[in-house]
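# Working through the structure, step by step
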Amino acid sequence: MSDLPTDPVPRGDRRLAGGGDLADTGSLTGGEAVVRALAAHGVTDAFGIPGAHDLEILPHLGPYGIRHVTSRHGQGSGYAADAYARVSGRPGVAITTTGPALLNIAAAVGQAYSDSVPLLVVSPGMPLRHPRQSTGLLPGMRSRTDALRAVAAVGHRVSSVDEIGAAVARAFTLFRTRRPRPVHIEVPLDLLEAVEPAGPVRTAPPAGHALPHPAALAAAADALSAARRPALVLGGGARAASAECRALAALLGAPVVTTANGKGVVDERHPLSLGVSLHSPAVQKWLADRDVVLAVGTELAESDVWGPLPALTGSLIRVDLDPAQMYAGLPADVPLVGDAAPVLRALLDACRERERDTAGCDDEADVGALVTDLRTTRDDETRTRDARWRPYLRAMRRVLAEDAVITSDGARCGSYGALPHLPVGPEGRFLHPTGFGTLGYALPAAIGAKTACPGRQVVALSGDSGLQFSVQELATAAQSGLPLPVVVFDNGGYGGIREETAARGDEPVAVGLPSVDLPALARAYGGQGTVARSPEELAAALSTALTTPGPSIVTVPQESAR
């Protein structure tokens with residue numbers, strides 16, 4: 001029986017363990033109150049590893065229509081839930097036990113925080129009346145809530161069964177109304193087992209879409225209508241506004257560049273798209289010369305440009321749900337606080353009402369030629385370095401469907417290879433751990449994406465060292481029985497660190513690792529494995545893997561990088 005869902009469970013099928021429905025307001029255990037609250041918010045899947053302290057939660061999942069995906073490590077649970085959220089548009093949920101398990105998932109919580117992913121982690125905690133002085137009750141730990149608060153947006157320790165529902169509703173309200181970031185809810189051990197009045201089912205209210213002040217919208221529309229050299233910079237916060245971004249780019253004749261999290265918001269094969277290029281010196285120089293830059297849903301952070309932020313000579317209009325972003329990094333000249341899609345629709349309407357003076361603007365052919373030249377210059381900057389990946393990435397693109405989901409690690413093949421050189425459109429997704437820079441993300445993230453979208457192609461892209469941070473999740477993928485190719489570029493260790501060490505003129509230390517027969521390891525976990533020594537072999541192996549149940553590792557030896 002598969003641990004991963006094949007279709008979502010209809011809301012009407014969710015029932016209380018006692019046969020009631022979600023409207024019941026009698027006494028429940030804390031464990032059932034947790035599950036009831038999750039089901040009330042439409043949760044159908046939860047990731048985690050059973051532990052001695054969360055046993056009162058787990059039996060209630062099935063009766064409420066929530067399927068449990070059992071990972072093999074806490075980071076795997078967190079990365080899977082993170083990717084589930086990114087692909088489905090619904091918060092990812094992880095249920096973990098306490099102590100080491102909670103700290104294991106902390107790395108994934110940090111990644112979700114940096115990339116603005118709605119991730120809810122529920123865990124047990126010390127009993128309410130446990131003495132502050134340690135008595136040696138396992139697992140000994142000073143403060144679970146404080147530990148997760150260091151990496152999550154919110155940490156909430158409840159003090160009654162009735163408070164559980166309110167805590168979950170608060171988390172989902174934050175996900176809907178603020179910049180989405182991870183929330184941790186801690187339920188004391190004695191409350192999980194206690195039977196207390198649970199109160200009515202509480203749910204997060206529907207989210208409204210407040211628009212910026214009309215004067216701010218007018219100022220932004222005036223600036224864009226008068227722009228001679230406009231540009232759009234799109235981040236992950238623009239994903240739900242793909243159509244509006246394309247319409248604005250076309251209306252203004254503005255080239256588009258994205259961050260890693262914004263990859264594919266506008267099809268990277270569009271004549272106006274520069275793709276993920278903020279790291280390129282040529283693109284940075286071009287961007288600095290724009291008279292108006294519209295940045296949507298992006299921090300414009302150093303992790304987006306891979307170095308210090310470039311100075312802009314023109315006006316900067318920022319659209320962001322988070323007011324603090326208007327003053328971070330590059331402060332906005334015109335701040336537009338709000339959700340990207342409704343704000344851009346209002347901005348489009350305002351721009352269309354204005355007669356745009358195109359005197360001095362480049363015509364469509366000139367803008368297209370500019371984008372083509374910039375793409376060429378960008379690629380020339382790294383042609384030698386990136387040559388090892390590009391033929392293989394072209395082979396992958398030929399095989400994959402337009403709506404395929406590709407998950408990546410912070411390996412060179414992802415950061416330097418696929419981000420700029422594997423084109424993606426709005427139908428597909430490319431999930432990359434950006435702001436926190438984790439390794440081991442690709443495989444468990446692919447499991448989370450496949451859980452959310454079992455009918456779509458999902459492929460993990462990793463390096464040999466990064467894969468081994470979470471390689472045990474091959475067992476989770478094998479248990480699902482769903483096709484899951486894992487393409488591994490093997491450069492014999494920590495290739496990126498080796499290259500950085502050499503660039504410093506230092507002798508490499510601790511970066512060359514003995515080769516591992518990864519295809520054999522996949523077979524040992526119940527999957528398949530092969531080696532592809534050419535782009536044609538990769539295309540053939542990937543085609544087979546996409547229809548073969550379970551995980552299939554396809555190793556691409558990168559001998560030139562050893």
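Just above sits the structure.
Below: a short report on this structure. Remember, it's a predicted structure, so these values are computed and weren't measured experimentally.

So, on to the overall build of the chain. In terms of regular secondary structure, the chain is built from 21 helices and 20 strands. In summary, the chain has a C-alpha radius of gyration of 24 Å against a globular reference of 24 Å for 562 residues, a match within 12%. By its C-alpha atoms, the chain is 75 × 60 × 45 Å across when sized along the principal axes. Looking at the chain residue by residue over its 562 residues, the buried ones come to 59%. If you take every contact in the chain between residues at least 6 apart in sequence, the share linking residues at least 24 apart comes to 76%.

Burial analysis of strand E18 (residues 484–490) places seven of its seven residues in the buried class, the great majority of the element. Burial along E18 is two-sided: the residues Leu484, Val486, Val488 and Asp490 and Pro485, Val487 and Phe489 are all buried. Pairing of strand E17 (residues 458–463) with E18, which is carried by four bridges, proceeds in the parallel orientation. For Leu461, the partnering residue across the bridge sits in E18 and is Val487. As judged from the seven bridges shared by E18 and strand E20 (residues 551–557), these two strands associate in the parallel manner. Within the sheet, the bridge partner assigned to Asp490 lies in E20 and is Pro557.

The next subject is helix H3 (residues 100–114). An ideal rise of 1.5 Å per residue puts 21 Å on 15 residues; H3 measures up with 22 Å between its terminal C-alpha atoms. At Ala106, H3 shows its largest kink, close to 35 degrees. Among all positions of H3, only Ala101, Leu102, Ile105, Ala106, Ala108, Val109, Gly110, Gln111, Ala112 and Ser114 are buried. Looking at the buried residues of H3, the elements they touch are helix H2 (74–88), strand E4 (92–95), strand E5 (119–125), helix H4 (144–149) and strand E7 (183–188). Looking at the residues trailing H3, positive phi occurs at Ser116, about 55 degrees.

Let us look at the pattern of salt bridges. Going through the model one piece at a time under the given rule, you end up with 18 salt bridges. Across the salt bridge formed by Arg157 and Glu186, the nearest N and O atoms sit 2.5 Å from each other. Taken together, the positions of Arg157 in strand E6 (residues 154–157) and Glu186 in strand E7 put the pair 29 residues apart, joining distant regions of the chain. One network of salt bridges, with partners in common, ties together Asp82, Arg86 and Asp115.

Moving on: the side chain of Thr96. Relative to the helices and strands, Thr96 is located in the loop between E4 and H3. Residue class for Thr96 comes out buried when judged on its relative accessible area of 7%. Contacts of Thr96, omitting those with residues within four sequence positions, involve Asp54, Ala101, Leu102, Val121, Val122, Ser123 and Pro124.

The next thing to look at is unusual backbone geometry. Within the chain, Ser116 stands out as a residue other than glycine whose phi angle is a positive 55 degrees. One non-glycine residue, Trp306, lies in the positive phi region at around 60 degrees. Using a relative accessible area of 38% as the deciding quantity, one classes Trp306 as partly exposed.

Below, the discussion takes up the nonpolar core. In terms of nonpolar packing, the biggest core is built from 53 residues, with Leu232, Leu234, Leu294, Leu336, Leu344 and Leu347 touching the most fellow members. In terms of residue count, the dominant contributor to this core is helix H11 (residues 340–353) (nine residues). Apart from residues lying up to four places away in sequence, Leu294 is in contact with Leu224, Ala231, Leu232, Val233, Leu248, Ile317, Val319, Leu344 and Leu347. Listed in part, the 43 residues of the second largest apolar core include Phe47, Ala83, Ile105 and Val471.

A word on the sheet that holds strand E10 (residues 256–258). The strand order across the open sheet built from six strands is E11-E10-E9-E12-E13-E14, with neighbouring strands paired in parallel fashion. The open sheet is flanked by strand E11 (273–276) and strand E14 (334–337), the only strands paired with a single partner. The sheet shows a mean angle of 15 degrees between the axes of neighbouring strands, direction not considered. In this structure, strand E9 (residues 230–234) lies alongside strand E12 (residues 292–296), joined through five bridges in parallel fashion. Considered in E12, the bridge of Pro230 is made with Val292. Across the face of the sheet, helix H9 (residues 281–288) comes into contact with E9, E10, E11 and E12 while running at roughly 125 degrees to E9.

It is worth spelling out helix H8 (residues 242–252) at this point. Taken together, the buried positions of H8 are occupied by Ser242, Glu244, Cys245, Leu248, Ala249 and Leu252. On an axial view of H8, the arc spanned by its buried residues comes to 165 degrees, and they lie on one face. Looking at the residues trailing H8, positive phi occurs at Gly253, about 65 degrees.

Let's shift gears to the packing of H2 against helix H16 (residues 442–452). Between H2 and H16, the shortest axis-to-axis distance is 7 Å and the interhelical angle comes to 45 degrees. Relative to H16, the element H2 lies oblique. Relative to H16, the crossing made by H2 is right-handed. In this structure, H2 contributes Gly76, Tyr79, Ala80, Ala83, Tyr84, Val87 and Ser88 to the contact, and H16 contributes Pro444, Ala445, Gly448, Ala449, Thr451 and Ala452. Across the contact of H2 with H16, the residue classes break down as nine nonpolar, four polar and no charged.

Here E4 shows no split at all, with Gly92 and Ala94 on one side and Val93 and Ile95 on the other all buried. As judged from the two bridges shared by strand E2 (residues 45–48) and E4, these two strands associate in the parallel manner. Looking at E4, one finds that Gly48 is bridged to Ile95. Relative to E5, E4 is paired through four bridges, and the arrangement is parallel. Across the sheet, the residue bridging to Val93 is Leu120, located in E5. For the crossover that starts at E4, traverses H3 and ends in the parallel E5, the hand is right-handed.

Before going further, it helps to spend a moment on the packing of aromatic side chains. Taken as a whole and judged by the stated rule, the model has five aromatic pairs. Taking 5.5 Å as the distance between ring centres and 65 degrees as the angle between the ring planes, the aromatic pair formed by Tyr79 and Tyr441 counts as edge-to-face. Taken together, the residues Tyr79 in helix H2 and Tyr441 in the loop between strand E16 (429–431) and H16 connect sequence positions 362 residues apart. This pair shows no difference in class: Tyr79 is buried, exactly as Tyr441 is. A ring pair is formed by Phe172 and Phe175, whose centres lie 5.6 Å apart and whose planes are at 75 degrees; its orientation type is edge-to-face. Of this pair, Phe172 and Phe175 both sit in helix H5 (residues 161–177), three residues apart, roughly one helical turn. Residue Phe172 is classed as buried on the basis of its relative accessible area, which comes to 3%. Its relative accessible area of 9% is what places Phe175 among the buried residues. Sitting over the ring of Tyr113, Arg181 keeps its end group 3.8 Å from the ring centre. The cationic tip of Lys263 hangs over the ring face of Phe430; the distance from NZ or CZ to the ring centre is 5.5 Å.

Rules used throughout
Residues numbered from 1 in each chain as written. Predicted model: local features only at pLDDT ≥ 70, side-chain atom pairs only at ≥ 80, totals over all residues. Heavy atoms only, no water. Helix = DSSP H or I, 4+ residues; strand = E, 2+ residues; numbered from the N terminus. Rg over C-alpha atoms; globule rule 2.2 N^0.38 Å. Buried < 20%, exposed > 50% of the residue type's maximum accessible area, 1.4 Å probe, protein only. Contact = heavy atoms within 4.5 Å. Pairing = 2+ DSSP bridges. Expected span 1.5 Å × (residues − 1). Bend = angle between axes of the 7 residues up to and from the residue. Salt bridge = Lys/Arg side-chain N within 4 Å of Asp/Glu carboxyl O. Core = buried A, V, L, I, M, F, W, Y, C linked by side-chain atoms within 4.5 Å. Axes fitted to C-alpha atoms, helices over the stretch in contact; angles between N-to-C directions. Arc of directions from axis to C-beta. Parallel < 35°, antiparallel > 145°, perpendicular 65-115°, else oblique. Left-handed = near helix turned anticlockwise from the far one by under 90°. Nonpolar A, V, L, I, M, F, W, Y, C, P; charged D, E, K, R; others polar. Right-handed = clockwise from strand over helix to strand, strands pointing away. Phe/Tyr/Trp six-rings, centres within 6.5 Å; stacked < 30°, edge-to-face > 60°. Lys NZ or Arg CZ within 6 Å of the ring centre and 35° of its normal.

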